[in-house]
Amino acid sequence: YGTFTMAVYLTPMIGGWLADNFIGQRRAIIYGGILFSAGYFVLGIPKTMIVGMEENVFYIGLFLICCGNGLFKANVSSLVGELYEDGDHRRDAAFTIFYMGINLGAFLSPLIVGYLGEEVNWHYGFIAAGCGMLIGLALQLTLAKSYLGDIGVTPSAHKIKAAQDDLKTRALSKEEKDRTKVILIMSVFSVIFWAGFEQAGGLMNLFTNDFTDRMIGSWEVPTTWFQSLNAMFIVLFAPVIASIWVKLGKNEPNSPVKFALGLFFLAIGFLFMIGAVLEMGGDASVKSSMWWLVGAYFFHTMGELCLSPIGLSMVTKLAPLRIASLMMGAWFLFIAAANKIGGLVGSLIGHGGAVEEQLANAMAIFAGIAITAVISGIILYLMSDKLVDW
């Protein structure tokens, strides 16, 4: 799981470079969407049609998804950045609204895909995901010209070449180097956040399935539906957070302070998971309340809103134009590392042993992430003035 999610964030480096230098962001998004949907349809092939080849077909589907994602992910974010002129204070709020739009889909998809997978057949869940991607492609092809004009059509390197032929060979200026340094340092701190946050789909998902009382009356909530909580909270609270940033005006916290806030919220979320383990008292026959999970996902979402859209906005503000998509890919590269680390950390819960041992391991993981997040947040807060200078 960690390796797959790492690849999801690793491939945008390549996709960003291709868009910058050869195909442009708009075409990269279209090609990526086609590969995306193909990957899900491959995963949707019924087992009866691939007897003896199930594992190979499974990995082919994941490979296509990762390649499509590489062309898609960084370039969509870069397009949003190009909608605003340098210095436009609305950019952070715009990325938060953009993030809300993404998460409207992330809210609906576990409900639809998860229900089809758990209650009908997993293959129908994958086919539904492929159809969702095709709908997105159709909207992009029919509406992009009206809303985006020519933004993202010409590769960044070509635009710069037309303006200044020697720019590609010229070394980065001191200002550009300082700004690139800020992106890289903030990216390092983002690794701490994402390694904890991405426990949602792994360790916390397993905890939900095995150790959480999911009954509402006589009905049991499907495990996958809890994956919609994060997206639901983003849809509900992203406009609130965006309006807070705008209303604060000159008093708005700078990006490093927002990042530090994100790490503190992550730690608070894991305090709720610690509460869930403590409620069980080491007894596997006792199930923890699902409200612990709701609280954890809420505070993790607050942290995400302080960090992720702000990080995307920061990269588009600070990255030198000729390597804008490449630096967006670099941002995702650090998230890729975080996903792999998160997978390794989550796997420390163990399997096949005593359930009590798994609970003790879960407690150690939740507490360890919370402590690491608090320490990292304090360090980043203390560094914030220097980073703003750069």
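This one's a predicted model, so the numbers in the text were calculated from it and none came from an experiment.

A word on the overall build of the chain
Within the chain, the regular secondary structure consists of 13 helices and four strands. Radius of gyration (C-alpha) of the chain: 22 Å, near the 21 Å computed for a compact globule of 390 residues. Oriented by its inertia axes, the alpha-carbon framework of the chain measures out at about 70 × 55 × 35 Å. Here the chain holds 390 residues, and the buried ones make up 47% of them. Long-range contacts, defined here as pairs at least 24 residues apart, represent 83% of the contacts in the chain between residues at least 6 apart.

Observations concerning the nonpolar core
In terms of nonpolar packing, the biggest core is built from 76 residues, with F207, W331 and F366 touching the most fellow members. The greatest single-element share of this core, amounting to 13 residues, is contributed by helix α11 (residues 290–318). Here F366 is in contact with L203, M204, F207, F270, M273, I274 and V277, once residues within four sequence places are set aside. With five residues, the next largest nonpolar core counts F36, L43, I65 and M133 among its residues.

A look at the pattern of salt bridges
Enumeration according to the criterion identifies six salt bridges in this entry. D178 is the partner of K181 in a salt bridge, and the nearest nitrogen-oxygen pair spans 3.4 Å. Pair noted here: K181 and D178 are both in helix α7 (residues 174–197), with a separation of three residues, about one helical turn. The partly exposed category is assigned to K181, whose relative accessible area is 36%. A relative accessible area of 11% places D178 in the buried class. Connected via shared salt-bridge partners are K174, D178 and K181.

Quick word on the environment of E176
Relative to the elements of secondary structure, E176 occurs in helix α7. Separated by 81 residues in sequence, E176 and V257 place their C-alpha atoms 22 Å apart.

A look at the packing of aromatic side chains
Within the structure shown, the criterion is met by 20 aromatic pairs. Seen from their ring centres, F36 and F72 are 5.7 Å apart, and the 75 degrees between their planes marks the pair as edge-to-face. Linking F36 in helix α2 (residues 12–43) with F72 in helix α3 (residues 54–82), this pair joins segments that are 36 residues apart in sequence. Judged by its relative accessible area of 12%, F36 is buried. A relative accessible area of 22% places F72 in the partly exposed class. A connected cluster of aromatic rings, assembled from ring pairs, spans F233, F237, F265, F272, W292, F298 and F299. Sitting over the face of the ring of W390, K181 holds its NZ or CZ atom 4.1 Å from the ring centroid. Cation over ring: K258 sits above W245, and NZ or CZ is 4.2 Å from the ring centre.

Points about the side chain of D88
Turning to its location among the elements, D88 is positioned in the loop between α3 and α4 (91–120). Polar contacts involving the side chain of D88 include one to the side chain of R90, which spans 2.7 Å.

Some words on the environment of Y40
With respect to the secondary-structure elements, Y40 resides in helix α2. Sequence-wise, Y40 and A128 are 88 residues apart; in three dimensions their C-alpha atoms are separated by 8.3 Å. When near neighbours in sequence (up to four residues on either side) are disregarded, Y40 contacts I65, F126, I127, A129 and G130.

Comments concerning the packing of helix α10 (residues 255–280) against α11
In contact at an axis separation of 8 Å, α10 and α11 are set at 160 degrees when each is read in the N-to-C sense. Regarding the angle of α10 to α11, the classification is roughly antiparallel. Here the hand of the crossing between α10 and α11 comes out left-handed. Of the residues assigned to the contact of α10 with α11, the class counts are 17 nonpolar, eight polar and three charged.

Looking at α7
When the terminal C-alpha atoms of α7 are compared, their 34 Å separation across 24 residues agrees well with the 34 Å that a helix rising 1.5 Å per residue should span. At S190, α7 shows its strongest bend, of approximately 25 degrees.

Quick look at the confidence of the model for the chain
This prediction gives the chain a mean pLDDT of 89; 96% of its residues lie at or above 70. Element-level mean pLDDT values for the chain span from 62 in helix α6 (residues 156–163) up to 96 in α10.

Some thoughts on the packing of α2 against helix α12 (residues 324–347)
Any two packed helices are characterised by the angle at which their axes cross and by the distance between the axes. Direction vectors running N to C along α2 and α12 enclose 165 degrees, while the axes themselves pass 7 Å from each other. In terms of orientation, α2 lies roughly antiparallel with respect to α12. Crossing handedness for the pair α2 and α12: right-handed. Contacts between α2 and α12 pair P12, M13, G16, W17, D20 and Q25 from the former with A324, S325, L326, G329, A330, F332 and L333 from the latter. Classifying every residue of the contact of α2 with α12 gives eight nonpolar, four polar and one charged.

Some points on a nonpolar patch on the surface
A cluster of nonpolar side chains, namely I135, L139, L143 and Y147, defines an oily patch on the protein surface of about 450 Å² accessible area. For I135, the location among the structural elements is in helix α5 (residues 122–148). Residue classification places I135 among the exposed positions, given a relative accessible area of 54%.

Procedures and definitions
All residue numbers here refer to positions counted from 1 along the written sequence of the relevant chain. Since the coordinates come from a predicted model, pLDDT governs what is reported: local features require at least 70, and pairs of side-chain atoms require 80 or more to be given and counted, while whole-chain, interface and lining totals use all residues. Side-chain measures here rest on the full set of heavy atoms in the structure, leaving out hydrogens and waters. Comment: elements are numbered from the N terminus, with helices defined as DSSP H or I runs of at least four residues and strands as E runs of at least two. For this measure, only C-alpha atoms enter the radius of gyration; the expected value for a globule follows 2.2 Å times N^0.38, where N is the number of residues. For each residue, the accessible area found with a 1.4 Å probe, counting protein chains only, is set against the maximum for its type, and the residue is called buried under 20%, exposed over 50%, and partly exposed in between. Contacts are assigned to residue pairs that have any heavy atoms within 4.5 Å of one another. In plain words, nonpolar cores are sets of buried Ala, Val, Leu, Ile, Met, Phe, Trp, Tyr and Cys residues tied together by side-chain atoms within 4.5 Å. When a carboxyl oxygen of Asp or Glu lies within 4 Å of a side-chain nitrogen of Lys or Arg, that pair is called a salt bridge. Any two rings among Phe, Tyr and Trp, with Trp reduced to its six-membered ring, count as a pair given centres within 6.5 Å; such a pair is stacked if its planes are under 30 degrees apart, edge-to-face if over 60, and tilted if neither. Here, a charge over a ring means that NZ of Lys or CZ of Arg falls within 6 Å of the ring centre while also lying within 35 degrees of the ring normal. Here a polar contact means two N or O atoms within 3.5 Å. Within protein one must be a hydrogen donor candidate and the other an acceptor candidate, and residues neighboring in sequence count only if both atoms are side-chain atoms. Note on definitions: angles span 0 to 180 degrees between N-to-C directions of axes, and those axes are lines fitted to C-alpha atoms, for helices only across the stretch in contact. Each angle gets one of four labels, with under 35 degrees taken as roughly parallel, over 145 as roughly antiparallel, 65 to 115 as roughly perpendicular, and the rest as oblique. The hand of a helix crossing depends on one turn: near helix anticlockwise from the far one by less than a right angle means left-handed, and clockwise means right-handed. Only Asp, Glu, Lys and Arg are considered charged, only Ala, Val, Leu, Ile, Met, Phe, Trp, Tyr, Cys and Pro nonpolar, and every remaining residue, Gly among them, polar. Helix span, as expected, comes to 1.5 Å for every residue beyond the first. In this analysis the local bend is the angle between axes fitted, respectively, to the seven residues ending at and the seven residues starting at the residue. A residue's pLDDT is simply how confident the predictor is in it, with values from 0 to 100. Exposure above 30% relative accessible area and the lack of any salt bridge qualify a residue for a patch; like charges then connect within 9 Å, and the nonpolar side chains Val, Leu, Ile, Met, Phe, Trp and Tyr within 5 Å. Note on areas: Shrake-Rupley with a 1.4 Å probe; residue coverage comes only from the protein chains shown.

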